[in-house]
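Structural features, examined
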Amino acid sequence: QVQLVDSGGGLVQAGGSLRLSCVASGRTFSIRAMGWFRQAPGKEREFVAAINWSGSNTYYGNSVKDRFTISRDNAKNTVYLQMNSLKPEDTAVYYCAADILWVKLRSSPNYWGQGTQVTVSS
């Protein structure tokens, strides 16, 4: 079993930055992919970013590419999402996610964090 705890959300002005963190515990050795999704009221869940176990490969949704950066620190069992140049349309609940397979991560991950609210004001 894997548990994910995400944090770091808050209120920030447009153009500002936030860094989200996701700490994994439990059977983390089975996880091959981790990432972030977000969901705003009235909108579908949206893929944000993903990273593999070694951190050598990263993937981003089109709406955040060139503004967000995903990274990981395996010694701390932690994945980060650095969010720069934030826009009001980035406002959403951000969820950390993990799975043993890449294909599962992008569709229906087995493990989820509780979510952290990001609000970008204009």
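Our structure's up above, just so we're on the same page.
Residues numbered from 1 in each chain as written. Predicted model: local features only at pLDDT ≥ 70, side-chain atom pairs only at ≥ 80, totals over all residues. Heavy atoms only, no water.

Another aspect to go through is the pattern of salt bridges. Applying the stated criterion across every chain, the model contains 3 salt bridges. The partner of Asp90 in a salt bridge is Arg38, and the shortest N-O contact between them spans 2.9 Å. With a gap of 52 residues between them, Asp90 in the loop between strand 8 (78-83) and strand 9 (92-99) and Arg38 in strand 4 (residues 33-39) connect regions that are remote in the sequence. Two residues, Asp90 and Arg67, come together in a salt bridge whose shortest N-O distance is 2.8 Å. Pair noted here: Asp90 is in the loop between strand 8 and strand 9 and Arg67 is in the loop between strand 6 (58-60) and strand 7 (68-73), with a separation of 23 residues, a long-range link. (Salt bridge = Lys/Arg side-chain N within 4 Å of Asp/Glu carboxyl O. Helix = DSSP H or I, 4+ residues; strand = E, 2+ residues; numbered from the N terminus.)

The class of Arg67 is buried, set by a relative accessible area of 12%. A distance of 3.0 Å separates a polar atom in the side chain of Arg67 from the backbone oxygen of Ser85. Residues within four places of Arg67 in sequence aside, it is in contact with Gln82, Met83, Asn84, Ser85, Leu86, Lys87 and Asp90. (Buried < 20%, exposed > 50% of the residue type's maximum accessible area, 1.4 Å probe, protein only. Polar contact = N/O pair within 3.5 Å; in protein donor to acceptor, adjacent residues only side chain to side chain. Contact = heavy atoms within 4.5 Å.)

In this section: the sheet that holds strand 8. Read across the open sheet, the 4 strands follow the order 1-3-8-7; overall the sheet is antiparallel. Looking at the sheet topology across the chains shown, the edges are occupied by strand 1 (2-7) and strand 7. Averaged over neighbouring strand pairs, the angle between their axes works out to 15° when direction is ignored. Here 6 bridges tie strand 1 to strand 3 (residues 18-26), and the two strands are oriented antiparallel to one another. Bridged to Asp6 within strand 3 is Cys22. (Pairing = 2+ DSSP bridges. Axes fitted to C-alpha atoms, helices over the stretch in contact; angles between N-to-C directions.)

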